[in-house]
Amino acid sequence: MNIIKELTLKAELGNPVTLQNFLTEKNGVSRRLLTKLKRTDGGITRNGVLIRSIDMVENGDVIVLRFEDDSFLEPNNALNVPIAYESDSVAVFNKPSGMPMHPSIKHQGDTLGNKFAALYPDLTFRAVNRLDRDTSGLCVIAKNAFAAKLLQGHCEKVYYAAVSGVIPESGTIDAPIARERESIILRCVREDGQNAVTHYTRIDTDGERSLAEIHLETGRTHQIRVHFAHIGHPLEGDDMYGGTLENIARQALHCGKMSFTEPLTGEIVHVNAELPDDIKACIHKK
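So, here's what we can say about the structure. Just so it is clear, the model here is predicted, and its values are computed rather than measured.

1. Side note on the overall build of the protein
Here is step 1 of the chain: Within the protein, the secondary structure is distributed over 6 helices and 18 strands.
Here is step 2 of the chain: Taking all 286 residues of the protein together, 51% fall into the buried category.
Here is step 3 of the chain: When contacts within the protein are restricted to residue pairs at least 6 apart in sequence, long-range pairs at least 24 apart make up 64% of them.
Here is step 4 of the chain: When the accessible surface of the protein is totalled, it reaches about 14,500 Å², and 46% of it is carbon and sulfur.
Here is step 5 of the chain: Placing the 33 positive and 38 negative side-chain charges of the protein at their respective mean positions leaves the two points 4 Å apart.

Here you go:
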């Protein structure tokens, strides 16, 4: 299913530049995307007229990019997923725990992608950040390839986790993470793994469990879960890495804060998602 979407860019320039420079250097369009646009019928126009990458763009010119999307997800509007922030470029969802990001053999129609397809039937689902199925919180979905390119790797995230025991008031876990040799899912701390650094602050405790605010310096698979298990404080509900299911039925992990630069306006956006009730309750189970 091929969908054509348009993105309009108005040139604000002191001196004329080539279209290629305007798109790649000043607006973050990748060369790969530029090549795709050139091959799309009417892919790039200036003031309504087709333009080549070597042609000059002047102040005030209106450049329109036409994207051809060829992916399709079955829409499901019955799914309840709050939108925490929305603009012409991006939608930020507060994903509930238990919901996968993408369809799989075991999950057809009950994913964030299916909800997105129902809300935006003409758009391709482009997840900028990904959360595990049982991790709740903020997920950034770009509404076009241009926004996805600019946002990828440039979203600052803050996580919250309920962990077993009383952790120090603050700390850094610097331990390389590798794939468990006998598993395609499990990760572990191992000397030959990839560099992984996690910073945390304890913001609450009931004497038996702690609530940690977490900032990631790197973004390895299962990094938070592996790192806290490594220091002897596995996440509550994370039985995959040694946590107990006595107080919560899923890993107690939530992406609660997000900040990024709006692709079109350059404005810094801050988005929050309140800590879910099951994690709140987990901290005070006495």
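2. Thoughts on the nonpolar core
Here is step 1 of the chain: Counting residues in hydrophobic clusters, the biggest one holds 43 residues, and the most contacted among them are Leu 112, Val 140, Phe 228 and Phe 260.
Here is step 2 of the chain: Beyond its immediate stretch of four places on either side in the chain, Leu 112 contacts Val 81, Phe 93, Met 99, Pro 100, Met 101, Phe 125, Cys 139 and Ile 141.
Here is step 3 of the chain: Core analysis: the second largest hydrophobic core is formed by 19 residues, Ala 11, Phe 22, Ile 44 and Phe 146 among them.

3. Quick notes on the pattern of salt bridges
Here is step 1 of the chain: One pass over the full model with this rule turns up 11 salt bridges.
Here is step 2 of the chain: Among the ionic pairs, Asp 192 bridges to Arg 181, the shortest N-O distance being 3.7 Å. Taken as a pair, Asp 192 in the loop between β14 (187-189) and β15 (197-205) and Arg 181 in the loop between β13 (177-179) and β14 lie far apart in primary sequence, 11 residues in all. Of the two residues, Asp 192 and Arg 181, neither departs from the other in class, the shared state being exposed.
Here is step 3 of the chain: Across the pair Arg 225 and Asp 238 runs a salt bridge, and its minimum N-O distance is 2.8 Å. In this pair, Arg 225 sits in helix α5 (residues 223-230) while Asp 238 sits in the loop between α5 and β17 (253-261), placing the two residues 13 residues apart along the sequence. Neither residue differs from the other here; Arg 225 and Asp 238 are each classed as buried.

4. Description of the pairing of strand β18 (residues 268-272)
Where a strand is regular, its side chains alternate between the two sheet faces.
Here is step 1 of the chain: Burial of β18 is one-sided: the residues Val 269 and Val 271 facing one way are buried, the residues Ile 268, His 270 and Asn 272 facing the other way are not.
Here is step 2 of the chain: Here 5 bridges tie β17 to β18, and the two strands are oriented antiparallel to one another. The residue of β18 that forms the bridge with Lys 257 is Asn 272.
Here is step 3 of the chain: Here β17 hands over to β18 after 6 residues, with Gly 266 in that stretch at a positive phi of 80°.

5. Remarks on the side chain of Asp 55
Here is step 1 of the chain: By the secondary structure assignment, Asp 55 is in the loop between β4 (49-50) and β5 (56-57).
Here is step 2 of the chain: Dropping the residues within four chain positions of it, Asp 55 is found in contact with Val 17, Thr 18, Leu 19 and Arg 46.

6. A look at helix α2 (residues 31-39)
Here is step 1 of the chain: By the burial criterion, the buried members of α2 are Leu 33, Leu 34 and Leu 37. Looking down the long axis of α2, one finds its buried residues gathered within 100° of arc, a one-sided arrangement. Turned more than 90 degrees away from the buried face of α2 sit Arg 31, Arg 32 and Arg 39, all of them exposed.

Thresholds applied
- Residues numbered from 1 in each chain as written.
- Predicted model: local features only at pLDDT ≥ 70, side-chain atom pairs only at ≥ 80, totals over all residues.
- Heavy atoms only, no water.
- Helix = DSSP H or I, 4+ residues; strand = E, 2+ residues; numbered from the N terminus.
- Buried < 20%, exposed > 50% of the residue type's maximum accessible area, 1.4 Å probe, protein only.
- Contact = heavy atoms within 4.5 Å.
- Areas by Shrake-Rupley, 256 points an atom, 1.4 Å probe, with all protein chains shown as cover.
- Lys, Arg positive; Asp, Glu negative; His and termini not counted.
- Charge placed at Lys NZ, Arg CZ, Asp CG, Glu CD.
- Core = buried A, V, L, I, M, F, W, Y, C linked by side-chain atoms within 4.5 Å.
- Salt bridge = Lys/Arg side-chain N within 4 Å of Asp/Glu carboxyl O.
- Pairing = 2+ DSSP bridges.
- Arc of directions from axis to C-beta.

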